[in-house]
Amino acid sequence: MDLITSRQNNTIKAVRKLQSSRKARRRAGQYVIEGKRLVTEALAAQVSLAAIVLCPDYLAETAPFVVPQVPALYVTADVFDSCSDTAHGQGVLAIVADVRAAPVHKAFALVVDGVTDPGNLGTILRTAAASGVDVVYLSPNSVDFLSPKVLRSGMGAHFRLPIVEADWAMLSTELAQHQVLLADVAAGTAYDEVAVASNVALIVSSEADGASSAARALASALIHIPMKSDVESLNVSVACGVLLVQLMRARGR
């Protein structure tokens, strides 16, 4: 086993760029996943991997992460730390080819409008996957869904559902035959009183800024979650979870 001891190794330098730069991820058509769970999920989903980086100092058993046709690089703890995005790395990360299949089913769609917190977006994606959403659309002003924090928060959701970056012109075309419900703080119909169509799209927006004008123009109806006391609003990922579960039930899924 050859052990890489230099931080200047070309693959290690590429990992650092992919971890830190959205532009680098788009240019290379690759992104990085880190940790035992995410790499295991990727292998189980047969995601296309360009390389796996392993640190024997941190990882007692490396064999489960060595697969045919995928280069495995063994590195020292110092080298692994230099390209890890976490404070306490688990000793395994992988470079993933950003191959996006076009969504086949689009009946149950989620549109994320201007959510900029990585943790919120990752949780939203995880909830969407659990709720049977067919496709997630991200508006241009949303956080990069391939950033390390979103990937960790998504906990494998990226491998389970199509995620599409879309402008509003594209969304207008994609959702032309959908009932488009916009989540609002208080306006519109209570979420559990809406008659839900078979083709439905939910738009959720940033708590701080609210729905964009483009999102409001696309919506066919407003819905809200009635709340007791003087609570102003729910966290966007929490509200999204409540709404998606209700829509899943209303659609009979």
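Residues numbered from 1 in each chain as written. Predicted model: local features only at pLDDT ≥ 70, side-chain atom pairs only at ≥ 80, totals over all residues. Heavy atoms only, no water.

What follows is about the sheet that holds strand β8 (residues 163–165). An order of β8-β7-β6-β11-β9-β12-β10 is seen for the 7 strands of this open sheet, with the pairing classed as parallel. The open sheet has two edge strands, β8 and β10 (189–190), and neither has a second partner. For strand β7 (residues 135–138) and β8, the ladder comprises 3 bridges, and the chain directions are parallel. From the neighbouring strand, Tyr 137 faces β8, where its bridge partner is Val 164. Across the sheet, helix α5 (residues 118–130) lies against β6 (108–113), β7 and β8, angled at about 175° from β6, the strand it touches most. (Pairing = 2+ DSSP bridges. Helix = DSSP H or I, 4+ residues; strand = E, 2+ residues; numbered from the N terminus. Contact = heavy atoms within 4.5 Å. Axes fitted to C-alpha atoms, helices over the stretch in contact; angles between N-to-C directions.)

Relative to strand β4 (residues 72–75), strand β1 (residues 3–4) is paired through 2 bridges, and the arrangement is parallel. Residue Leu 3 lies in a different strand from β4, and its bridge partner there is Tyr 74. Where strand β3 (residues 49–54) meets β4, 3 bridges bridge the pair, whose relative direction is parallel. Residue pairing across strands places Ile 52 opposite Ala 72, the latter belonging to β4.

On to the nonpolar core, then. In terms of nonpolar packing, the biggest core is built from 49 residues, with Ile 33, Leu 110, Val 112, Leu 121, Val 136 and Leu 202 touching the most fellow members. Ranked by residue count, the leading element in this core is helix α9 (residues 236–250), at 7 residues. Beyond its immediate sequence surroundings of up to four residues, Leu 110 is in contact with Ile 124, Ala 128, Val 133, Val 135, Val 136, Tyr 137, Leu 202, Val 204, Cys 240 and Leu 244. Counting 17 residues, the second largest nonpolar core, distinct from the first, contains Val 111, Trp 168, Leu 175 and Val 180. (Core = buried A, V, L, I, M, F, W, Y, C linked by side-chain atoms within 4.5 Å. Buried < 20%, exposed > 50% of the residue type's maximum accessible area, 1.4 Å probe, protein only.)

The next point concerns unusual backbone geometry. Of note, the phi angle at Gln 46 is positive, near 55°, even though the residue is not glycine. The topology assignment puts Gln 46 in the loop between α3 (36–44) and β3. One non-glycine residue, Gln 69, adopts positive backbone phi at about 70°. Classification of Gln 69 by relative accessible area gives exposed; the value is 77%.

Here we come to the packing of aromatic side chains. The final tally for this structure, using the stated rule, is 1 aromatic pair. With 6.1 Å between their ring centres and 85° between their planes, Tyr 58 and Phe 80 make a pair best called edge-to-face. Of this pair, Tyr 58 sits in the loop between β3 and β4 while Phe 80 sits in helix α4 (residues 77–83), and the two are 22 residues apart along the sequence. When its relative accessible area of 34% is taken as the criterion, Tyr 58 is described as partly exposed. Residue classification places Phe 80 among the buried positions, given a relative accessible area of 0%. (Phe/Tyr/Trp six-rings, centres within 6.5 Å; stacked < 30°, edge-to-face > 60°.)

Spatially, 5 strands are ordered β1-β4-β3-β5-β2 in an open sheet, and the strand pairing comes out mixed. Edge positions in the open sheet fall to β1 and β2 (30–34), since each of these has one partner strand only. Helix-sheet contacts for helix α1 (residues 10–20) involve β2, β3, β4 and β5 (92–97), and the interaxial angle to β2 is about 90°.

Quick look at the pattern of salt bridges now. Tallied over the entire structure, the rule returns 12 salt bridges. Among the salt bridges present, the one from Asp 144 reaches Arg 26, with a minimum N-O distance of 2.5 Å. With Asp 144 in the loop between β7 and α6 (148–154) and Arg 26 in helix α2 (residues 22–28), this pair connects stretches of sequence that are 118 residues apart. Relative accessible area serves as the criterion here: at 4%, Asp 144 is assigned to the buried category. Ionic pairing is found between Glu 165 and Arg 100, a salt bridge with its closest N-O pair at 3.4 Å. Taken as a pair, Glu 165 in strand β8 and Arg 100 in the loop between β5 and β6 lie far apart in primary sequence, 65 residues in all. Glu 165 sits in the partly exposed class, given a relative accessible area of 29%. The class of Arg 100 is partly exposed, set by a relative accessible area of 37%. Through salt bridges with shared partners, a single ionic network connects Arg 22, Arg 25, Arg 26, Asp 98, Arg 100, Asp 144 and Glu 165. (Salt bridge = Lys/Arg side-chain N within 4 Å of Asp/Glu carboxyl O.)

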